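Results of the structural survey
Spelled out, the chains give:
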Amino acid sequence: MPKVIVIGSANVDLTIQVDRLPTPGETVSDGRFYTSFGGKGANQAVAALRAGAQVRFLAKVGRDPNGDRILEQLEAQGLHTDLILRDETEPSGVALIMVDCNGRNAIAVAPGSNRKITPEDIRRFEPLKGWGETLLLQLEVPLDAVKEALTLARMQGLRTILNPAPARTLDEGVLAQVDLLTPNEGELERLSGSPVKEEKTAVEACKILLDQGVGEVIVTLGEHGALHVTRKGAELFPGYPVKAVDTTAAGDAFNGALACGLAEGRPMEDAIRFANAAGALTVTRRGAQDALPSRDEIENLLQRLDEDTP
Ligand code: RIB
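A brief look at the structure comes next. Since the structure is predicted, the reported quantities are computational estimates derived from the model, not experimental observations.

**Considerations on the pattern of salt bridges**
- Applying the stated criterion to the full structure yields 18 salt bridges.
- Here Arg273 ties to Asp270 by a salt bridge, and the two come within 3.6 Å at their closest N and O atoms. Of the two residues, Arg273 and Asp270 are both situated in helix α9 (residues 268-282); the distance of 3 residues between them amounts to about one turn of the helix.
- Classification of Asp270 as partly exposed rests on a relative accessible area of 35%.
- Through salt bridges with shared partners, one network takes in Glu264, Arg266, Arg295 and Glu299.

**Notes on the sheet that holds strand β1 (residues 3-7)**
- The 9 strands lie next to each other as β5-β4-β1-β8-β9-β10-β11-β12-β13, forming an open sheet whose pairing is mixed. Each edge of the open sheet is held by one strand with a lone partner, namely β5 (84-87) and β13 (234-237).
- Note: strand β9 (residues 159-162) against strand β10 (residues 180-181), 2 bridges, orientation parallel. What sits directly across from Leu162, in β10, is Leu181.
- Most of the contacts of helix α7 (residues 199-211) go to strand β12 (residues 226-229), to which it runs at about 45°, and overall it touches β10, β11 (216-220), β12 and β13.

**Let's talk about unusual backbone geometry**
- Cis rather than trans, the peptide bond between Ala165 and Pro166 has omega equal to -5°.
- Of note in this structure, Asp30 is not a glycine but carries a positive phi near 65°.
- As for its placement among the helices and strands, Asp30 is situated in the loop between β2 (11-17) and β3 (32-38).
- Exposure remark for Asp30: the relative accessible area of 77% places this residue in the exposed category.

**Details of the pairing of strand β4 (residues 54-62)**
- When you tally the buried positions in β4, you get 8 out of 9 residues, the bulk of the element.
- With 5 bridges joining them, β1 and β4 adopt parallel strand pairing. Counted as the bridge partner of Ile7 is Leu58 from β4.
- Across 4 bridges, the pairing between β4 and β5 is parallel. What sits directly across from Ala59, in β5, is Ile84.
- The parallel pair β4 and β5 is bridged by helix α2 (residues 65-77), and the resulting crossover is right-handed.

**What to know about the sheet that holds β3**
- Read from one edge of the open sheet, 4 strands run β3-β2-β6-β7, paired in mixed fashion. Two strands close off the open sheet at either side, each with one partner strand: β3 and β7 (105-110). For this sheet, the mean inter-axis angle between neighbouring strands, taken without regard to orientation, is 20°.

**Quick notes on the nonpolar core**
- Ranked by size, the top nonpolar core spans 50 residues in total, and within it Val55, Phe57, Leu74, Ile218, Leu258, Ile272 and Ile298 carry the most contacts.
- Among the elements of the structure, β1, α1 (40-51), β4, α2, α8 (250-263), α9 and α10 (295-308) are those that each provide at least two residues to this core.
- The leading source of residues in this core is α9, at 9 residues.
- With near-sequence residues (within four places) excluded, Val55 lies in contact with Val4, Val6, Ala45, Ala48, Leu49, Leu79 and Trp131.
- The next biggest cluster of nonpolar side chains, apart from the first, holds 41 residues, and it includes Leu58, Ala145, Leu152 and Leu162.

Cut-offs applied
- All residue numbers refer to positions counted from 1 along the written sequence of the respective chain.
- In keeping with the predicted nature of the model, local features appear solely for residues at pLDDT of at least 70, side-chain atom pairs appear and are counted solely at 80 or more, and the whole-chain, interface and lining totals rest on all residues.
- Calculation of side-chain values draws on the structure's entire complement of heavy atoms; hydrogens and water are dropped beforehand.
- A pair is scored as a salt bridge if a Lys or Arg side-chain nitrogen falls within 4 Å of a carboxyl oxygen belonging to Asp or Glu.
- Runs of H or I in DSSP of at least four residues are treated as helices and runs of E of at least two as strands, each being numbered from the N terminus.
- Classification of residues uses two cut-offs on accessible area relative to the type maximum, computed with a 1.4 Å probe and protein chains only: under 20% is buried, over 50% is exposed, and between them is partly exposed.
- Pairing between strands is defined by DSSP: at least two bridges between the two strands are required.
- Here, residues are in contact when the closest pair of their heavy atoms is within 4.5 Å.
- Between N-to-C directions, angles cover 0 to 180 degrees, with each direction set by a line fitted to C-alpha atoms, over the stretch in contact for helices.
- Handedness rule for crossovers: strands pointing away from the viewer, path from the first strand over the helix to the second running clockwise, crossover right-handed.
- Among buried residues, those of type Ala, Val, Leu, Ile, Met, Phe, Trp, Tyr and Cys that are joined through side-chain atoms within 4.5 Å constitute a nonpolar core.

So this is what it looks like as structure tokens:
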């Protein structure tokens, strides 16, 4: 069974579904409210698990009712929680999410305890030495913790995947430790400092990051799929047509399934198709972790698409 280590955030997501997103100062009424579990780290851990991987997840929640609920949810998913730390001072992370009738969202996060993950906490994953093939990270936790995780993973010979979300500037010391970087277009623009308008400019921006030491780049393009860029060239993997109701966690579904696919030894092309299908299924459902598909669902979608291809 493929083994994936995920380090990152865990949040409670408070979502309101509205017809359209409000502009600053405006109140939009008649929304529908729901609470779900999120955080890019936790979402990616659950996505990899549902896609078929064995997963170890390191995160930090508060010593508060939300922290208890996050732990219960992760356990209910079948994840070990021995690497979920508790912070005694900060509350657990919370995200306020608005989703419009086309599934587009706007998210504000109060990271709370997620911000308290330290390099020392990361070194607790020393007992995981020799466990797993792949480390999956995002940027909702402090950068010094991300750096420590990358350094340890490299020493242990793990493949490192960094989903640079939310967008932050990264120095070459970080980028050079990343085997696979998975930005969206906005994150790619921020990281490379180069405008991204279409495929050609995206490839140029990726080349800047490759020159800074990243192993390879996959740019997630939402409904348009994913662009894989290496030193040898670029290939676009088109997205799958679905009716989007909530795009929250689509990128997380992609990253979790990608990590699983690569850890189980799929060639990159197969792993990207598998991840594209996971992302597509996720946008057809509401919420973050609630929306993540199972391995069977991903494989059924891929099979249906194969059958429909003339
Ligand atoms: O990627 C989606 C996630 O971003 C949400 O679940 C929210 O918690 C924020 O972290």
